[in-house]
Amino acid sequence: MLALFVSSETIIMFKRLSITFLLLVCSTSIYAKKLTVGITLQPYFSYLKAVVGDHVDVLPLVDEGFNPHNYQPQANDLRRLNQMDVIIVNGIGHDDFALKVIKAANRDDLIVVKANKDVPLLPAMGQSVGTGVVNPHTFVGVSTTIQKVYTIATEMSKIDPDNAKLYRANARAYALKFRKMKHQAMIELSDINTAGMRVATTHNAYGYILQEFGVEVSAVIEPAHGVEPSASQLQETIEKIRESGIDVLFYELNMPNRYVDTIEKETGIKLYRFSHMTHGAYRLDKVEIEMQQNIDTLVEAMKYTAANRGSK
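Notes on the structure follow. (Residues numbered from 1 in each chain as written. Predicted model: local features only at pLDDT ≥ 70, side-chain atom pairs only at ≥ 80, totals over all residues. Heavy atoms only, no water.)

Considerations on the overall build of the protein chain
Test applied: Strands are runs of DSSP state E lasting at least two residues, helices are runs of H or I lasting at least four, and both sets are numbered from the N terminus onward. Exposed residues in this analysis have more than 50% of their type's maximum accessible area, buried residues have under 20%, and partly exposed residues fall in between, with area computed by a 1.4 Å probe over protein chains only. Any two residues whose heavy atoms approach within 4.5 Å are treated as being in contact. Method for areas: the Shrake-Rupley scheme with a 1.4 Å probe, in which residue coverage is limited to the protein chains shown.
On a plain count of helices and strands, the protein chain comes out with 10 helices and eight strands. Taken over 312 residues, the protein chain has a buried fraction of 46%. In the protein chain, once contacts between residues fewer than 6 apart in sequence are set aside, the share between residues at least 24 apart is 71%. Accessible surface computed for the protein chain: about 16300 Å², of which carbon and sulfur atoms make up 54%.

In structure tokens form, the structure reads like this:
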């Protein structure tokens with residue numbers, strides 16, 4: 001038999017190489033750790049997941065089922081925030097609770113991405129809305145959704161440049177879905193005349209999607225964000241609907257609007273419901289599904305208005 005002799009110097013060198021290899025593996029695993037990116041509202045979960053896939057961990061700041069209109073920050077929100085490397089915010093209202101948590105955390109290292117920074121904003125409407133207040137519901141619009149998805153992809157590409165090409169490609173593919181929805185709706189509406197269509201909304205939430213289809217909001221029933229009208233304000237709205245020839249009233253799916261039945265009874269106005277997109281479970285396909293439903297609802301309302309006006 002051939003005996004193998006290994007010198008002590010060879011053994012020492014082998015051990016050193018092994019240790020070096022282990023250190024390299026450990027170092028690589030540390031730097032390869034997934035980023036944890038937070039979101040404040042349900043639509044941003046869909047946007048972010050569509051852009052980044054499984055390359056980052058997406059962590060909602062608040063459990064599903066909360067009402068962002070009246071939510072107050074909790075201790076658990078701060079604990080979750082402290083797990084995040086990045087957080088995506090609406091930043092123009094509707095997630096003010098999150099901005100309070102971010103301020104309280106006092107974290108200079110937290111990257112805050114303002115998704116609406118490049119979105120053209122509409123003014124808020126309502127009897128008690130102050131001057132200079134903007135409509136924060138950009139997630140209900142088609143073009144505004146696309147712009148925010150591109151902003152998120154751009155900012156995530158800066159933070160995680162190794163995956164930048166993928167993030168941009170994912171954003172383009174996701175945006176295309178919404179462009180196709182809008183294009184199909186425009187084809188359906190191409191042969192009908194909705195000039196002069198007048199609508200009222202219970203909530204200052206649908207201006208972005210209505211604007212894209214050339215529909216003007218003539219009245220907002222809630223005097224301010226999430227505030228039900230008083231009896232006198234409700235009566236004033238009913239009189240305005242009667243006098244202005246408003247065709248339809250859009251109100252919010254999944255939210256109790258107790259005064260809507262009164263308006264319908266007193267005016268005979270046609271009712272349609274829009275999703276607000278901030279209720280329910282955090283799902284990748286949430287915005288895609290509910291945007292299509294909202295577009296379908298709007299097309300139906302516009303066809304009804306054209307037929308109703310034509311019969312008068």
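Quick look at the pattern of salt bridges
What counts is decided by this rule: One side-chain nitrogen of Lys or Arg within 4 Å of one carboxyl oxygen of Asp or Glu is enough to make a salt bridge.
One pass over the full model with this rule turns up 13 salt bridges. Ionic pairing is found between Lys-117 and Asp-118, a salt bridge with its closest N-O pair at 3.2 Å. Between Asp-285 and Arg-283 there is a salt bridge, and its shortest N-O distance comes to 2.8 Å. Taking relative accessible area as the criterion, Asp-285 reaches 27% and is therefore assigned partly exposed. Residues participating in the shared-partner salt-bridge network are Lys-117, Asp-118, Glu-155 and Lys-158.

Considering the pairing of strand E6 (residues 216–220)
Which entries qualify depends on this criterion: Between any two strands, at least two bridges found by DSSP are needed for them to pair. Handedness rule for crossovers: strands pointing away from the viewer, path from the first strand over the helix to the second running clockwise, crossover right-handed.
Summarising burial for E6: four of the five residues are buried, a large majority. As paired elements, strand E5 (residues 198–201) and E6 share four bridges and run parallel to each other. Bridging across to E6, Thr-201 finds its partner in Val-220. A crossover links E5 with its parallel partner E6, the connecting element being helix H7 (residues 207–212), and its sense is right-handed.

With respect to the sheet that holds strand E2 (residues 57–60)
Here is the rule: Convention adopted: a line fitted to C-alpha atoms gives each axis, helices being fitted over their contacting stretch, and angles between N-to-C directions are expressed from 0 to 180 degrees.
If you walk across this open sheet you meet the four strands as E2-E1-E3-E4, and the pairing is parallel. Whereas interior strands pair on both sides, the edge strands pair on one side only; in this sheet they are E2 and strand E4 (111–114). Taking the axes of each pair of neighbouring strands and ignoring which way they run, one obtains an average angle of 25° across the sheet. Across the sheet, helix H2 (residues 42–52) lies against strand E1 (36–39), E2 and strand E3 (86–89), angled at about 175° from E2, the strand it touches most. Contacting E1, E3 and E4, helix H5 (residues 142–159) runs over the sheet at an angle of about 155° to E4.

Observations concerning the packing of H2 against H5
Which entries qualify depends on this criterion: An angle below 35 degrees is treated as roughly parallel, one above 145 as roughly antiparallel, one from 65 to 115 as roughly perpendicular, and anything else as oblique. Take the far helix as your reference; a near helix turned counterclockwise from it by less than a right angle gives a left-handed crossing, and one turned clockwise gives a right-handed crossing. Following the grouping adopted for this structure description, the nonpolar residues are Ala, Val, Leu, Ile, Met, Phe, Trp, Tyr, Cys and Pro, the charged ones are Asp, Glu, Lys and Arg, and the polar ones are all others, Gly among them.
Where H2 meets H5, the closest approach of the two axes is 10 Å, and the angle between their N-to-C directions is 50°. Our classification of the angle between H2 and H5 gives oblique. As H2 runs across H5, the sense of the crossing is right-handed. Across the interface between the two elements, Tyr-44, Tyr-47, Leu-48, Val-51 and Val-52 of H2 pack against Thr-145, Lys-148, Val-149, Ile-152, Ala-153 and Met-156 of H5. Of the residues that constitute the contact of H2 with H5, the class distribution is nine nonpolar, one polar and one charged.

Note that every value here comes from positions in space, so none of it alone points to a role or purpose.
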